[in-house]
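# Observations on the three-dimensional arrangement
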Amino acid sequence: MAQIFDSVFEAQQRHKYTLRNTNAAQRIQKLKSLKAAIEKNEPHIYDALQSDLRKSQFEAAVTEVIFIYGEIDFAIKNLGKWMKPKHAGKSMVSLMAKNRIYYEPKGVCLIISPWNYPFQLMMSPLLSAIAAGNCAILKPSELSPATSNIIGKIIKECFDEQEICCFEGDVSVSTALLKLPFDHIFFTGSPAIGRIVMEAAAKNLTSVTLELGGKSPTIIDQEANLKNAAEKIAWGKLVNAGQTCIAPDYVLIPENRQEEFIREYNIATQRMFFKNPQEINEDIYAKIINHKHFKRIIALIDDASAKGAKVSLGGQYQEEVQTINPTVLTKLPANANIMEEEIFGPVLPLITYNLLDEAIEIVNSKSKPLALYIFSDNGKNTHHIIKNTSAGGTCINDVLIHISNPKLPFGGVNSSGMGSCHGIFGFKTFSHERSVVFQSAMNMSSMIYPPYDGKSWILKLLKKIM
Ligand code: NAD
């Protein structure tokens, strides 16, 4: 197995020099053929997502496929502009020179992706890598095998393996690939595996982009519209059955508003995800990816209950179809495991607070989240929260939607990730920003060359103008 990886890697190392010289039109052609192959395989992608996660076609179209079409089209429209070397200002010694920033491809990149949005989370970094002129080796998740398989098929249809190659398989495949001296690694997954990836990359001094996860909090303030908040949180929490990296993980809410929020959350979940008050609608409500994760989530509910938490909504589950009903937990003790790890399931803990600063303190007592949501109509509260917390991204009076705008960078901070993707940010992630100075015949640098006698005036001048 390792031999195949080595030979493809070496072929890509040779081919990267050809790709470095591709222009915008050639790269756009590659993006167009990728889009055409996705369009051709669209029904198979929906079948795969149904098989891996029981995703409805509508949800899969919106969150996985159309999302990628949008990103490809955006890259096609803007690539010429992104690739153009940018003018930079001058410094004293390059006053007469032309100063430019060139975007050169990183080279041969490794992209490792997770199972929760298995199509989108492989295709999104890939299209940025292609736009930036790279070769890439892809390793999709073994936990979503049907989607990984269709990704492999699409890649084979569009690309020679010396340019893009997909290796399906489990951890052993990632482990073997991570030994190779890639020019860049783009990893999407858990913080725990992110550490392993970064450690492996350090051995080769390979640059990394880590798109990780964690607990993304939602703060609801005293004046927020609860019907609006409950509906949006219900959608953000329950789309893909809570298996979304930026899903609202837990909610911080004023004590006196909790009961009303639960009522509104119940109404919203019933309207969106139930056939009748007792029966969840499996046609549109995804399943938990596998038995191990199903048991992990049930164990989180059981642990919290055993330590005194109350199941205020839901709690029912159907093990044979790996389905957990929308659940709300209240009265959580500080030592509940569910407040320590990312839930990644349809369970919403509510933590009450009295003063807004108490909520901020709880957020800041945990690792920096990938997303932080605020429900408030009070600008002062909103800015107070933004200024006193850190997060990869934030929405005010909504959830998740920041990920859908390619004009915004998407990424985490510290334990929720480093680097960013989408639009120009993805293009830059897969590019090296190279400083290039074209010196003029009339250059000023020589004034700082030795000998230094009689040049103290230059130091004075430099102190003033630099
Ligand atoms: P994971 O970290 O378990 O796996 C991700 C990928 O890493 C998979 O392809 C897997 O095969 C590979 N992998 C697993 N163990 C490895 C090892 N020891 N060495 C090298 N590679 C290994 O994550 P997951 O369970 O697939 O996905 C869920 C996590 O991903 C959550 O934490 C979620 O928040 C995060 N996530 C983040 C984003 C984002 O954009 N920031 C998006 C989706 C998911």
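Along each chain, numbering runs from 1 in the same order as the chain's sequence is written. Given that this is a predicted model, residues contribute local features only at a pLDDT of at least 70 and side-chain atom pairs are listed and counted only at 80 or more, while totals for whole chains, interfaces and linings are drawn from all residues. Excluding hydrogens and water, the side-chain values take into account all heavy atoms of the structure.

## Side note on the overall build of the protein chain
Inclusion rule: Put simply, DSSP H or I for four residues or longer makes a helix, DSSP E for two residues or longer makes a strand, and each gets a number counted from the N terminus. Every radius of gyration here is taken over C-alpha atoms, with the globule rule written as 2.2 Å times N^0.38, N being the number of residues. When a residue's accessible area, from a 1.4 Å probe over protein chains only, is under 20% of the maximum for its type it is buried; when over 50% it is exposed; and in between it is partly exposed. Here a residue-residue contact requires only that any non-hydrogen atoms of the pair lie within 4.5 Å. For accessible areas, the Shrake-Rupley method is used with a probe of radius 1.4 Å. Any residue's cover is judged against the shown protein chains and nothing else. In this tally Asp and Glu are treated as negative and Lys and Arg as positive; neither His nor the chain ends contributes. Charge placement uses NZ in Lys and CZ in Arg. For Asp and Glu, CG and CD serve respectively.
Looking only at helices and strands, the protein chain has 15 helices and 20 strands in total. For 466 residues, the compact-globule estimate of 2.2 N^0.38 gives 23 Å, and the protein chain sits close to it at 25 Å. Each of the three principal axes of the protein chain carries a C-alpha extent, and together these read 85 × 55 × 40 Å. Looking at the protein chain as a whole, 54% of its 466 residues are labelled buried. Considering only intrachain contacts with a sequence separation of at least 6, the fraction spanning at least 24 residues in the protein chain is 73%. Carbon together with sulfur atoms contributes 56% to the accessible area of the protein chain, which is approximately 20900 Å² in total. Distance between charge centroids for the protein chain: 11 Å, based on 50 positive and 46 negative side chains.

## Overview of the domain arrangement of the protein chain
Rules: Those domain boundaries reflect an automatic or database domain assignment. Joining two parts hides part of their accessible area as seen by a 1.4 Å probe, and the buried area is that hidden amount summed over both. For this document, the term salt bridge refers to a Lys or Arg side-chain nitrogen within 4 Å of an Asp or Glu carboxyl oxygen. For the purposes of these results, a polar contact is taken to be a pair of N or O atoms within 3.5 Å, where, inside protein, one atom must be able to donate a hydrogen and its partner to accept one; residues adjacent in sequence count only when each atom of the pair is a side-chain atom.
Along its sequence, the protein chain is organised into domain 1 (2-212 + 414-434) and domain 2 (217-404). Each of domain 1 and domain 2 was reduced to a C-alpha centroid, and the two centroids are 31 Å apart. For the pair domain 1 and domain 2, the summed buried surface comes to about 1800 Å²; carbon and sulfur atoms form 51% of the total. Between Glu282 and Arg54 there is a salt bridge, with the nearest N and O atoms lying 3.9 Å from each other. For the pair domain 1 and domain 2, the interface holds 15 residue pairs in polar contact (both at pLDDT 80 or more). Of all elements in the fold, only helix 3 (42-53) and helix 4 (57-83) reach the threshold of two or more residues within the side of domain 1 that touches domain 2.

## Brief notes about the sheet that holds strand 7 (residues 207-211)
Spelled out, the test is: One bridge is not enough; two strands pair if DSSP finds at least two bridges between them.
Read from one edge to the other, the open sheet built from six strands follows the order 5-4-3-6-7-19, with strand pairing classed as mixed. Lying at the two open borders of the sheet, with one neighbouring strand each, are strand 5 (164-166) and strand 19 (417-418). In terms of strand pairing, strand 3 (residues 108-112) meets strand 6 (residues 184-188) through four bridges, oriented parallel. Its bridge partner being in strand 6, Ile112 is matched across the sheet by Phe187.

## Here's the deal with a nonpolar patch on the surface
This is how it is decided: Nonpolar side chains (Val, Leu, Ile, Met, Phe, Trp, Tyr) within 5 Å and like charges within 9 Å form the patches, drawn only from residues with over 30% relative accessible area and no salt bridge.
A surface patch of nonpolar side chains, amounting to about 440 Å² of accessible area, comprises Trp457, Leu461, Ile465 and Met466. For Trp457, the location among the structural elements is in helix 15 (residues 456-465).

## Here we look at the site of the ligand
Just so we agree on the cut-off: Definition of nearness: a residue and a molecule or strand are near each other if at least one heavy atom of the residue lies within 4 Å of the molecule or strand.
Surveying the vicinity of the ligand reveals 28 residues, the closest of which are Ser113, Glu142, Ser190, Leu212 and Glu342. A distance of 3.3 Å is found between a nitrogen atom of the ligand and a side-chain nitrogen or oxygen belonging to Ser174. Within the backbone of Gly189, a nitrogen or oxygen atom sits 3.2 Å from an oxygen atom of the ligand. Isolated, the ligand exposes 840 Å² of accessible area, and the fraction of that covered by the protein chains is 90%. Elements with a contribution of two residues or more to the shell around the ligand: helix 7 (171-177), strand 6 and helix 8 (191-203). Ranked by the residues each element gives to the shell around the ligand, the list is headed by helix 8, at three residues. When residues of the shell around the ligand are assigned to domains, at least three map to each of domain 1 (2-212 + 414-434) and domain 2 (217-404).

## Some thoughts on the side chain of Asp398
Topologically, Asp398 is positioned in the loop between strand 18 (393-396) and strand 19. Here Asp398 sits buried without a salt bridge, and the closest side chain of opposite charge, Lys232, lies 4.2 Å off (N-O distance). In contact with Asp398, not counting residues within four places along its chain, are Lys232, Tyr373 and Phe375.

## Observations concerning the pairing of strand 18
As a reminder, the rule being used: By definition, the crossover connecting two strands over a helix is right-handed if that path, from the first strand to the second, turns clockwise as seen with the strands pointing away from the viewer.
Burial along strand 18 is one-sided: the face carrying Gly393 and Cys395 is buried and the face carrying Thr394 and Ile396 is not. Here four bridges tie strand 17 (residues 371-375) to strand 18, and the two strands are oriented parallel to one another. When the bridges of strand 18 are listed, Ile374 appears paired with Ile396. Read from strand 17 through helix 13 (residues 379-388) to strand 18, the crossover connection turns out right-handed.

## Re the pattern of salt bridges
Going through the model one piece at a time under the given rule, you end up with 14 salt bridges. In this structure, Glu104 engages Arg20 in a salt bridge whose closest nitrogen and oxygen atoms are separated by 3.2 Å. Here the residue Glu104 occupies a position in strand 2 (residues 98-105), and Arg20 occupies one in helix 1 (residues 2-20), the gap between them amounting to 84 residues. Residue Glu104 is classed as buried on the basis of its relative accessible area, which comes to 17%. Salt bridges sharing partners connect three or more residues here, namely Arg20, Glu104 and Arg434.

## Remarks on the packing of helix 2 (residues 24-40) against helix 4
For clarity, the threshold we go by: Between the N-to-C directions of two axes lies an angle of 0 to 180 degrees, each axis being a line fitted to C-alpha atoms and, for a helix, fitted only over the stretch in contact. Any angle between 65 and 115 degrees counts as roughly perpendicular, while under 35 counts as roughly parallel, over 145 as roughly antiparallel, and the rest as oblique. Classes in brief: Ala, Val, Leu, Ile, Met, Phe, Trp, Tyr, Cys and Pro nonpolar; Asp, Glu, Lys and Arg charged; the others, Gly included, polar.
The contact between helix 2 and helix 4 brings their axes to 10 Å, and the two run at 175 degrees. With respect to each other, helix 2 and helix 4 are oriented roughly antiparallel. For the pair helix 2 and helix 4, contact is made by Ala24, Arg27, Ile28, Leu31, Lys32, Leu34, Lys35, Ile38 and Glu39 and by Val65, Ile68, Tyr69, Ile72, Asp73, Ala75, Ile76, Leu79, Gly80 and Met83, respectively. In terms of residue class, the contact of helix 2 with helix 4 is built from 13 nonpolar, one polar and five charged.

## Here we look at the environment of Gly315
Here Gly315 is to be found in the loop between strand 12 (310-313) and strand 13 (317-318). You can call Gly315 partly exposed: its relative accessible area is 24%. For the pair Gly315 and Ile301, spaced 14 residues apart in sequence, the C-alpha to C-alpha distance is 7.9 Å. Apart from the residues within four sequence positions on either side, Gly315 is in contact with Pro326 and Thr327.

## Topic: the packing of helix 5 (residues 120-131) against helix 6 (residues 145-158)
Condition: By convention the crossing between two helices is left-handed if the near helix lies anticlockwise of the far one by an angle smaller than a right angle, and right-handed if it lies clockwise.
The interhelical angle for the contact between helix 5 and helix 6, taken along N-to-C directions, is 30 degrees, at an axis separation of 11 Å. Judged by the angle between their axes, helix 5 and helix 6 are roughly parallel. When the axes of helix 5 and helix 6 are compared, the crossing they make is right-handed. Contacts from Met122, Met123 and Leu126 of helix 5 reach helix 6 at Ile151, Ile154 and Ile155. A class-by-class count of the residues in the contact of helix 5 with helix 6 yields six nonpolar, no polar and no charged.

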